[in-house]
Amino acid sequence: MNDPLVARMRAFGTTIFAEMSALALRTGSINLGQGFPDTDGPPAMLERAIEAVRGGRNQYPPGPGLPELREAVSEHRKDHYGLLYDPDGEILVTVGATEAIAASILALCEPGDEVIAFEPYYDSYAASVALAGAVLRPVTLRPAEGRFTFDPAELRAAAGPRTRAILVNSPHNPAGTVFTREELSVIAGLCVERDLIAITDEVYEHLTFDGAPHIPLATLPEMRERTVMISSAGKTFSVTGWKTGWICAPRPLVRAVQTVKQFLTFTASAPWQLAVAYGLRHELDWVSGLRDGLQAKRDRLTAGLTAAGFDVYRPAGTYFVQTDIRPLGFTDGLALTRELPDLAGVVAIPTQVFYAHPERGRHFVRFAFCKRDEVIDEAVARLARLGKEAGDGE
């Protein structure tokens, strides 16, 4: 039988996260690849989920999500960003941000429409665009003054007559960039000028470092009415397995996304929704402590990677450190990460798989620092072998 998979999805196959996590398990390596914490979220929030399960909240919640969570999300948007969203019609609960992104693209993009995204990008973006029969137009983030950013001229050049939407991820995975107000203003200006919809992935909104502010694109002039704002509980509360996310948008956009979403999962996770509502209202101090702890872990890992010989880009947010492997004598991140368990007993992610143009990211490798200190320290000690071997080979 010929390959039964539809042609538009044949380029995707198994995700790099599944491949590298399986490699870590098979080799007993330290997994600094996939971005999941190895500690749990706030205990009181976890108890709310247990209470909900034992209390019989185990059947289908309403399609838009439980009112308790939609109201808590509405309060959070208002309190943190001054954005007003009606919980009855402008907020939709989803099965994580990944479903929110996919449902938004499927709902808002026709076959042949074009979607701009900044590369490197989270791998589900390209897959969702392909599922919609749309066309991805990448704009490359490149290093400048120690961080990754884009060229405004390249962004403008990417927008054509078929451009329908732009995907904006800030804080950015995998580059670690938190877009500044100036950068966001360039994006907003293009959206207004070309009448584009912005789909914003803001799952790391609370995990920014060194005082870098997270500025939602929807807060900029004329952007609330054209923005689908996406976030989730997974990264904020260290419960990635709960897969509880949400979108905030004007009613017509929410209605469009819900029309698609109802035929993907309909609804899910009533106990987790109740617990997340509690977390948004009562556990943000815990989140502040998580952010401070992650900043220290970032510093711990970046120092170790630098000592091992990598060129390191210090992230302003997220779970991830981006590195350049060329100082160690390597040029192909995919080849290196497949060999790294044997070379050093560590698993990482090759950044080139997040590019439409893989050659642009061939020399970058991403490491996750959302791990216990002792795990980071052991990984760094193992990775030091690479630097020693590179030095011995000179």
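How each quantity is defined
Residues numbered from 1 in each chain as written. Predicted model: local features only at pLDDT ≥ 70, side-chain atom pairs only at ≥ 80, totals over all residues. Heavy atoms only, no water. Pairing = 2+ DSSP bridges. Helix = DSSP H or I, 4+ residues; strand = E, 2+ residues; numbered from the N terminus. Buried < 20%, exposed > 50% of the residue type's maximum accessible area, 1.4 Å probe, protein only. Contact = heavy atoms within 4.5 Å. UniProt positions renumbered as here; feature names shortened; annotations may be inferred. Axes fitted to C-alpha atoms, helices over the stretch in contact; angles between N-to-C directions. Left-handed = near helix turned anticlockwise from the far one by under 90°. Expected span 1.5 Å × (residues − 1).

(A) A look at the sheet that holds strand β11 (residues 311-313). Pairing in this open sheet of four strands is antiparallel, and the strands run β11-β12-β15-β14 from one edge to the other. Lying at the two open borders of the sheet, with one neighbouring strand each, are β11 and β14 (349-350). When strand β12 (residues 320-324) meets strand β15 (residues 364-368), the two strands line up antiparallel, connected through five bridges. Pairing of V321 across the sheet is with F367, part of β15.

(B) Summary view of helix α5 (residues 123-131). With respect to burial, α5 is a largely interior element, eight of its nine residues being buried. Along α5, the residues classified as buried are D123, S124, Y125, A126, A127, S128, V129 and A130. Close packing links the buried residues of α5 with α1 (16-27), α4 (96-108), β3 (114-119), β4 (135-140), β7 (163-169) and β8 (197-201). In the stretch just after α5, G133 is the one whose phi turns positive, near 75 degrees.

(C) Examining the UniProt feature "domain: Aminotransferase class I/classII large" (unreviewed entry) in the protein chain more closely. When the UniProt feature table is mapped onto this chain numbering, "domain: Aminotransferase class I/classII large" (unreviewed entry) sits at residues 30-383. Taken end to end, residues 30-383 is 40% helix and 18% strand, and its two terminal C-alpha atoms sit 11 Å from one another.

(D) Spotlight on the packing of helix α2 (residues 43-54) against helix α9 (residues 270-282). Where α2 contacts α9, the two axes come as close as 8 Å, and the packing angle between them is 145 degrees. The handedness of the crossing between α2 and α9 is right-handed. Two secondary-structure elements touch here, α2 through A44, M45, R48, A49, A52 and V53 and α9 through P271, W272, L274, A275, V276, Y278 and G279.

(E) How the structure looks around helix α3 (residues 67-81). Here α3 is 15 residues long and its end C-alpha atoms lie 21 Å apart, about the 21 Å a rise of 1.5 Å per residue gives. Those residues of α3 that sit buried are L69, R70, A72, V73, S74, H76, R77 and Y81. At its buried positions, α3 is contacted by β2 (91-94), β9 (227-232), β10 (245-248), α9 and α10 (284-308). Looking one or two places after α3, you find G82, whose phi comes out positive at around 70 degrees.

(F) Expanded view of the pairing of β9. A large share of β9 lies buried, amounting to six of its six residues. Judged by which residues are buried, β9 turns out to be covered on both faces: T227, M229 and S231 on one side and V228, I230 and S232 on the other are all buried. Sheet analysis places β8 next to β9, joined by four bridges and oriented parallel. Its bridge partner being in β9, D201 is matched across the sheet by I230. Both β9 and β10 contribute to a ladder of four bridges, which runs antiparallel. Directly across from S231, in β10, lies its bridge partner W246.

(G) Up close: the pairing of β12. Most of β12 is tucked away: five of the five residues are buried. Pairing of β11 with β12, which is carried by three bridges, proceeds in the antiparallel orientation. Note that in β12 the partner of D311 across the bridge is D324. Count of turn residues in the β11/β12 antiparallel hairpin: six residues, of which T318 carries a positive phi of about 80 degrees.

(H) A look at the sheet that holds β10. Here seven strands make up an open sheet; going across it, the order is β2-β10-β9-β8-β7-β3-β4 and the pairing mixed. Both edges of this open sheet fall to β2 and β4, since each of them pairs with a single strand only. If you compare each strand with its neighbour and ignore which way they point, the axes differ by 20 degrees on average. Both β3 and β4 contribute to a ladder of six bridges, which runs parallel. In the sheet register, F118 faces β4, and the bridge partner there is V139. Lying over the sheet, α4 contacts β2, β7, β8, β9 and β10, oriented at roughly 160 degrees with respect to β9. In this fold helix α8 (residues 251-261) packs onto β2, β8, β9 and β10, with an angle of close to 25 degrees to the strand it touches most, β2.

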